[in-house]
Structures are given as C-alpha cells and as structure tokens.
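Report on the structure
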Amino acid sequence: MQRVKNLGYDEDEPYDDEDDVYEEEADPGYTAEDKDNFAALTPVVRAELEEAGVQASDKDIGDSLWHYYWDVDKSASYLKNSRTPRTQQQGAKKEDKPKAKSKFDEAAQKSAEKAADWFRDVPWTHIPPEMEGRIVPEEPAMPMPKLLGGSSKLAKLAEERREKAAAAANVAQIPAPNGVLSSLDRLSKPQDTKENDTPQPKAEPKKYPIRKKREPTPPPKEPTPPPPEPEEEKPDLRASPTGFGRTLASSQLSGHRAASMTLKDMLGSEITEDPFKGPSPDDTVLRAQQHSKGLTNTSKTKQSSTNGLAKKTEALKLGENTPSAPAQPKVRSRGLDVPKLWAEEKSKRKASAAFVVIGHVDHGKSTLMGRLLLDAGAVSQRDVDRYQKQATELGKSSFALAWVMDTGTEERERGVTVDIAQHHFSTDSVAFTILDAPGHRDFVPNMIGGASMADLAVLVVDANQLESGMKGQTREHVLLAKAVGLKRIVVAVNKLDSTAPNAWSQDMFQEVKGNVVKFLGESGFAKEDVMVVPCSGLSGENVAKAPEASGPAAWVAETDLTLLKALEQSVPSEVSGDALKRPLRMQVADVFRGGITNPLSVSGRMTAGNAQAADAVLVQPSGETAAVRGVEVNGEPRDYAVAGQICTLHLTDIDPIHIRSGDVVCSAAQPVSVVTSFLAKIEALDSLLPQSVDVHLGRLHVAGNISQLVATVDTKGETLKKKPRMVKAGQTALLKVTVEDDVPVEDGETVVLRAQGGTVGFGTIERTSA
Ligand SMILES: Nc1nc2c(ncn2[C@@H]2O[C@H](COP(=O)(O)OP(=O)(O)OP(=O)(O)O)[C@@H](O)[C@H]2O)c(=O)[nH]1
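Note that this is a predicted model, so its numbers are computed, not measured. (Residues numbered from 1 in each chain as written. Predicted model: local features only at pLDDT ≥ 70, side-chain atom pairs only at ≥ 80, totals over all residues.)

Let us look at helix H20 (residues 506–522). With 17 residues, H20 ought to run about 24 Å at 1.5 Å a step, and its terminal C-alpha atoms sit 24 Å apart, in line with that. The set of residues buried in H20 consists of Phe509, Val512, Lys513, Val516 and Leu520. The buried residues of H20 occupy one face: seen down the axis, they fall within an arc of 105°. Opposite its buried face, H20 presents the exposed residues Asp507, Gly514, Lys518, Gly521 and Glu522, each directed more than 90 degrees away. Looking at the buried side of H20, the elements it contacts are strand S4 (456–462), helix H18 (466–471), helix H19 (473–483), strand S5 (488–494) and strand S6 (530–534). (Helix = DSSP H or I, 4+ residues; strand = E, 2+ residues; numbered from the N terminus. Expected span 1.5 Å × (residues − 1). Buried ≥ 20, exposed ≤ 12 C-beta atoms within 10 Å, placed from the backbone. Arc of directions from axis to C-beta. Contact = placed C-beta atoms within 7 Å.)

This is the structure we're talking about:
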C-alpha cells in the first residue's frame, strides 16, 4: 500500500462542508519517502522542543510534521504552543532568548510588538491584568483535531491522498470499517508505528517535498432529472385574440403575419373601399377651382404656380435685407377688398380714437381712467367694489379705481403704473381705446411706446401739485407727446375735490389752466387742439357726468365740458383711404403667446395698409414670414383691420422667437427697411455733442450714438451751420445716429433721443440710408 504525498491541490477549488467529515481510512499508506522524512525530521523537532522544555511523543511530532508538510519550525512552534499553558507562555516569552526562537516565533513577536506600538496611545488597551477578560473555549462534544488549520481544504487533500493512493498502489483495499474515524486518526501514520519510536536519523536530511498543482477536478455531473410527470391536460379557457390583438402581435420580421386589422375592421363594414383611394376632398375643391379658371391641365397648373412664385420672388428683390418668399398660409383667404369695404362701411361705424393718458406720477391718471370706465359702463360697480375690498386689505383703499387699469401685481402692490395698460370703452358716438401710461420717470420708455400708438393725449394734472409736475414728468410727457407726433391734447385738471382751503376752487382751476395752456403753446401745441377740463377722478365729478348743480362743483357745469365730452370732441378725423392702400406697417407693442385657439398674437397700432386672415406678412428685423390667422379690433374679432386702428393680429407659420415687441409686422412684398444708422432732424432739448444716447422708435428703444453733427437748420430746414461742434438746446440739427442693433424704420418716423434719464432731443428720420 502506498500513499502519494506529493499531491498538489487547487486552493480555489470549491467543495462542500460535507468534505470536512473525514471518512475512516484503514491505511494511510506512507511511502518510503514519507517514512524517511519522519525519521529525519522528528529528531530535529524534538531537539527544538527539548530546548524549549516541551515534551512531545513521536506520534505527535510525526502528526505535526505531516500536517505542516515537513516544515520543522512550524511543527515545533505548534507543539510548543499547544503544550505550554498561556500564563507560562507569557512568562516564557519574557525569558526566551532570541536564539531559542524559531523564525515563526520571531515574526509573531515582531508583529505583536508592532501592534502594541501602534495602539500604545489607546487607553483601553492598558487594562490591568485582573480586569482583563478571557475567552474560555467550551470543551467540544466530539474530540477536535489537535492540529492547527483543520480546514476543509485539508480534508479535501486527505481525501484525495486516499483516492490517489488507492489507485496508484494497485494493492488490495482493506475494507473500511463502518463508522467515522476522527480526523486525527485519519491523518496519523500507520497504526503499527509505535509512539515514541525514534526513526534512525540520516546524515543528510532530505529536502522538503514540493507541492505540485493537480489538475482541477471536473465538476460533478448533474444528476439526470427524472422524467417529468405527464401533466393533466387542462382545457384552454383563454379567448382567441381579436383582430386588433393579432395586428399588434404580428411582426413583419417574423415571416408570418397574423391577419391584420384593417380600417374596415375598425370602422365596420360600411367602408367598402380604401378611403384614401382617389383624390382628397381638398384635391377635389382645388381641381374644381382650377377647372373654373380653365386650368384643368396639371402641367399648366404647375407652370402657373411656378410663374406666380417667380413673380413674387422678383417682387421681393428689394435690397440686401430682402426676405425669403412668404410662407403659404394655411388659413383660407376671403380675398376682401379692404379699402373698398372700409369706404363703404363708413356710415355704419362709430368714430374711434386711442388716447394716451400722461402726467406726473400720482397725479391721478389711473384713478381717473378707472372712474371713466366705471361711469361709461365698461367696468361694473361690482368689480370696483371687489377691488376696493382687496385694496383695503393691502392698506391701499384709495387705489381701488386705479386697479381697474393697473392689473399687474407689482403695480397694485406699489401703487405705481409700470407699463401701458390698454382698455376699451364706447360712447354712443365713439369707440375709445385707453392707453394708460406710467407717470414715473423710470418708465418713460413705456410712456413713449404708448404715446406712439395714440391719436391724442389726456394730460392729467393734480391741481394742487402743478409746480412739481412741471419740474417732472408733466413737462417731459408733454414734450414726448409732441415728439411722437400727437397734435391734440385734453388736459384734466384733477383732484379739485381736495383743493385748499376749499374744495373745487375755481380760482385754482383757472390758474392751473392758464399755466398749462401757456406751456402747451410753448411746446408746439396749437391753441385749438387743446381742451382743459376740471375734474376729480376719485369722487367722480365731471368725468363722465356733470357735477350736481347744488354742490361746490356746481360752477363746472356752467363753464366746462365733462372729460368724456371733451374727448369725444377731440377725436381726430379718420386716416385717409390712401393710407389703407399703402404697404402694411404695424409696430408690435405686445406679443401674446400660449393661447389655445391663437397660440401667437401681436398687438399694436397699424400705421399703414390693412390686414385680413390668410395675408402673408413679414416680421422685421428677423425677416421671418408669417400668415395672419385672424384679426381683432377693440377686443372683438373682425374681418380686417386698417391703418389707424389699434388691433391684434393672430399669426401662424412663424416661430415666436422671431417676434419681439418693437418689431414691425409689414408687407412681405414691400417690407420695411432694416438699418443700423440714419439721418434725423432733431430738436435739441439739451446741448448735444457726438455722444451716447438711447434711441426710441415708438415701442422700440436701443442703445446708440450721435455719431455726427451734420448741420444746424432753421424752421424751414435750411442749413445754418455745417458740422457744428455742438448743438445748443432749442436748436434744430441734422444728426447722424447709429444704433447697436438692426432697427426697422422708415423715413418720416418719429425718433426720441434720451440720455442719463432725460429726453435730450426728438424729431423725425430724414433718411434711413445714412
Ligand atoms: N383727492 C383725490 N385723490 C386722488 C384723485 N385721483 C387720484 N387720487 C389719489 O392719488 C393717488 C395716486 O393715484 P393714481 O391714480 O395711482 O395716480 P397715477 O397718476 O395713475 O400714478 P402713476 O400711474 O403711478 O403715475 C391715489 O392715492 C389716489 O387715490 C382725486 O381726484 N382726488
């Protein structure tokens, strides 16, 4: 019988815990080599043990050597440790001489010292011995293997040793007795070897055996599963798939298709033919239209449309800023002759006018307009009561009427108008649009935008605060109203209910009236274009209704018109029919997005031309085309809008990013020019040099420069001095103005120049090709 010691093992080989249960081995089968090793190494280990004062039998030494693969040091260390009590070991450690220690011991001690040094600052390691805890292992029920490292790997190795020995030795197997031997017995040398037998030492000890890797054990075969029990056949209770389900489940890639659901399946048997076969209803209509025009031949139609496009393209060749061909609108055109219709309907319609409300901050503009709307029936008393309640909660009860106009949260919280508010109301004879401008100087640009859309201005003056107003925005607004081309002005001398010492002081009214009229005359307003009325927006006297005959304002009814009457009498005449025939021009005051029926709308005053649904338009300076979906005037849908009206155009076929307030919606065929400089005739309100200015073109304002002082001119436009070094306040001059952005402008448009928060000049554009 032979054992094969030179076995390697695969350290990574997985195996079950069951392998730890050693089977009884009848004959360990030491080879002659093993026996030589036992004989040679046992005395060496014994000598080491004796030096340390430790007794061990030959069997124990042999077991240890066998276990540690003939490693003398490890075997000796194991035996020393296993036979020395703990306290004795500790004491012995101190007495041990370095030469008596094995390398294994030295390494262990070094690492222990290192660890002790590492944790020397840790207080909980300095525990007095009497307080130290001890872990006392319980005695196992079964005798445990005496060797260190009784791992499952070792058990595996032992098993393989046995198997290999059995196969290689080709000797008769001794049948293993029933039962399980202890692992120590299994690993021990043959039973016939007597304990304490000392093998004959050899002169030269043999080299330690070398471990060899063995081939990995093939994985155990999976047990063949037993054939499955025949299942009891159950009836299929599932419904068969619908046609729609088959359509969803079928795939063209799968090679076979289930019967697909067709439109006929979905809609029923009434559809007998492919509904998409033949011309669409639109095609039919188009063909009928072509037929009526004698264009039944398809090639002719194509030729015709191509010619039309070519003509349109030709018409658009107007210069560098010529835009691309307009997008074809999807809305149907009614093809209205708007100028003709406008002229025909003149007798049926009311006059209309838009007025801008201007004046110094807090002089009562919004309150006055709220009162006007209330008394004209455009706002209900219920709404005003609601505003009153809300304003009172905010501690601003006196602003309730102003809230009719000031709808923004910021405006209501601050009690200051920020942007132009637009409202409509009608009297029996006139449809009015109110453009309530902010009075605060910070919002003058918005005031200019509002004023540029108006037909006339309403100047609101606090009778008690004329002086402060003349120093502030009363003066500037009047000048700006003039600058943007307004000719008519109605002055509302307001807050007469609070004059001191007596309310409704007629003298005070006359004084204020005199001063304002004088100033307006100086500002260029003709006397006949100026009307002055006394009123109180807060109490409502003489706004839409004449004051009571018995009160302190009784004198008003005898001498003056109500504000509403004055407005009706100030409505300018309609724009001429010619203006309607000119190319479309409408500066965008506001852009509205996100409506369900009309996702994109723009509002503003149409200054030239007309617009109806399906018109192709162009937006400058972006140069993007759009189509008109619909038109609104005074908040009501209309078939068309004309020059002079403040209207809303609902647009389509354009990305909203191409439209901003200040842009111009214009004729696609004759678009407005886009420039970065122009020549302007400017009336100087302050000294002008080549300098930075804010350039206001209606609702549009951009940064710019007075780049050249071309000449000073007289009232007739004759040159007084070329290239002056400076233009003095009050002088008129031709100036070259450059702007930092492309601006859509035309000759004759009004321009306002501002610098450092004040208006420094205003005038008109003389030439856009400066
Ligand atoms: N006594 C009196 N107070 C008034 C009258 N009109 C307005 N007020 C008060 O004046 C304050 C300012 O009124 P607003 O209507 O907001 O003035 P505004 O000119 O529109 O102000 P901004 O739009 O910010 O320029 C409020 O407290 C009003 O109640 C009036 O006729 N009589």
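Our next topic: the confidence of the model for the protein. Overall, the predicted model of the protein reaches an average pLDDT of 74, with 64% of residues at or above 70. Of the regions scoring below 50 in pLDDT, residues 288–329 engages in 39 contacts with residues more than four places distant in sequence or in other chains. Across the assembled chains, the prediction reports ipTM 0.98 with pTM 0.58. (pLDDT = per-residue confidence, 0-100.)

Looking now at unusual backbone geometry. Glycine aside, the phi torsion of most residues is negative, and most peptide linkages are trans. With an omega dihedral of 0°, the bond running from Ala500 to Pro501 counts as a cis peptide bond. Here Pro501 is to be found in the loop between S5 and H20. Cis rather than trans, the peptide bond between Gln620 and Pro621 has omega equal to 15°. Position of Pro621 among the secondary structure elements: in the loop between strand S11 (616–620) and strand S12 (624–633). Of note, Lys495 is a non-glycine position whose phi angle comes to about 60°, a positive value. One can find Lys495 in the loop between S5 and H20.

Look at helix H2 (residues 58–67) against helix H3 (residues 72–83): their axes get within 8 Å of each other, and the N-to-C directions meet at 130°. The angle between H2 and H3 falls in the class oblique. Every pair of crossing elements has a handedness; the one defined by H2 and H3 is right-handed. Residues Asp60, Ile61, Ser64 and Leu65 of H2 pack against Ser75, Tyr78 and Leu79 of H3. (Axes fitted to C-alpha atoms, helices over the stretch in contact; angles between N-to-C directions. Parallel < 35°, antiparallel > 145°, perpendicular 65-115°, else oblique. Left-handed = near helix turned anticlockwise from the far one by under 90°.)

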